[in-house]
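Tertiary structure, described
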Amino acid sequence: MNMYDCDSVKKIALPVCVLHILQKYSDAEHIMQMQEILEKLESEYLLKVDRRTVYQSVHELKNLGYGISDYSKNKKGYFLETRDLEKSEVRLLMDAVYSCQAISACQSKNLIGKLQKAFLSVYDRNQYKNLMLIRTNKKTQNTDVFTNIQQLDEALAKKKKVKFTYLEYGLNKKLKPRRPEKYTVNPHQLICTNEHYYLICRLEGCANLSLYRVDLIKDLEVTDDLAYSDLAPRELQSAENKTVYAWCGKEETVTLRCKRLSLGHVIDKFGDDVTIIPEGKDFFIATFKVAPVGVSFWALQYLPYVEVLAPEWLRQEVIQSIKDNPYTESMK
């Protein structure tokens, strides 16, 4: 490749190249001298220019709104003062990607690499080079998640039905189709809950809402058939907010008797609109409205700290689950 010697190409490309160099190699602790910028332009972009041209490029970038500190301000050199995301924001997003079970381990590493390259200098990236994926065995085996989200967004925008194979784990710990035929659904919304992405939809021929994990969807196709939706925005919002452990259903009033030490867990799971009534020194009564089917799964995790009081059918369901536990008798 030859050196770029066309003035018009230099004029167009140089500000972008200068910006990329400052993004990659500069920060408040690593201020670049003009000679360093000139050397990077030549080694990385084969651009051989003079100082005056770089001065002009920096001036143009500042006029476009880029926060660049120069010698007149810091008396040392040049560095990029502001970025679209702060280091703490990048770290937060990285941690979210690391912990998201819906993204495979390989895709997590690639996405984190893109975040670092786009928003961190090489020096800041080094601070995170020893970070590693925790519990990669909890990450999905399905690499279609990003494609699924893109296609589902398309289907929702065009109001089209979708078909897909839905997966489940076999005893060999590998994903396999739940049934031979594909599911056909009317999509309503994508939500993130219970550490996974879910599609709220209605299965063809069913009146009730269903949730399907996006990371368990395979071979998704957007059909030409129009999706029907008689779900009002308020109903959809209620379905999103009142779903427990991805179980949909009719909203009911649930009442729990809980030990005080579980208060934070109750609010974390059911929101701060829970009605809390103290009962003595050690207990409180919590009342809230949700689709109650998933509450039994939650309540069973917190035995003996949580007791379901109402509705009665839910209380009996929890009691029966305890009775059906094969270890209940052996532990008496």
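One can find the structure itself at the top, above this paragraph.
Analysis parameters
Residues numbered from 1 in each chain as written. Predicted model: local features only at pLDDT ≥ 70, side-chain atom pairs only at ≥ 80, totals over all residues. Heavy atoms only, no water. Helix = DSSP H or I, 4+ residues; strand = E, 2+ residues; numbered from the N terminus. Buried < 20%, exposed > 50% of the residue type's maximum accessible area, 1.4 Å probe, protein only. Areas by Shrake-Rupley, 256 points an atom, 1.4 Å probe, with all protein chains shown as cover. Core = buried A, V, L, I, M, F, W, Y, C linked by side-chain atoms within 4.5 Å. Contact = heavy atoms within 4.5 Å. Pairing = 2+ DSSP bridges. Salt bridge = Lys/Arg side-chain N within 4 Å of Asp/Glu carboxyl O. Expected span 1.5 Å × (residues − 1).

Overview of the overall build of the protein
- Broken down by element type, the protein carries 13 helices and twelve strands.
- Taken across its 332 residues, the protein has 40% of its residues classed as buried.
- Total accessible area on the protein is roughly 20000 Å²; 52% of this is exposed by carbon and sulfur atoms.

Looking at the nonpolar core
- Membership of the largest hydrophobic core comes to 21 residues, with the highest contact counts inside it found for Val18, Leu22, Ile37, Leu41 and Val54.
- At the level of elements, α1 (7–25), α2 (34–45) and α3 (51–63) are the ones that each hand at least two residues to this core.
- Looking at this core, the element that brings in the most residues is α1, giving seven residues.
- Excluding residues that lie within four positions of it along the chain, Leu22 makes contacts with Met32, Ile37, Ile68, Tyr78, Phe79, Leu80 and Arg83.
- With 19 residues, the next largest nonpolar core counts Tyr166, Tyr183, Cys201 and Ile217 among its residues.

Quick notes on the pairing of strand β11 (residues 283–290)
- The pairing of strand β9 (residues 252–259) with β11 spans eight bridges and is classified as antiparallel. Within the sheet, the bridge partner assigned to Leu256 lies in β11 and is Ala286.
- As defined by bridge partners, strand β10 (residues 275–279) adjoins β11 across five bridges and the pair is classed as antiparallel. Among the inter-strand pairings, Ile277 is bridged to a residue of β11, identified as Ile285.
- Here β10 folds back onto β11, and the loop between the two strands holds three residues, one of which, Gly280, carries a positive phi near 70°.

Regarding the pattern of salt bridges
- Enumeration according to the criterion identifies 16 salt bridges in this entry.
- One salt bridge connects Glu307 with Arg315, and the closest N-O pair in it is separated by 2.9 Å.
- A relative accessible area of 24% places Arg315 in the partly exposed class.

Focus: α3
- When the terminal C-alpha atoms of α3 are compared, their 19 Å separation across 13 residues agrees well with the 18 Å that a helix rising 1.5 Å per residue should span.
- A positive phi of about 105° marks Gly65, the residue just after α3.

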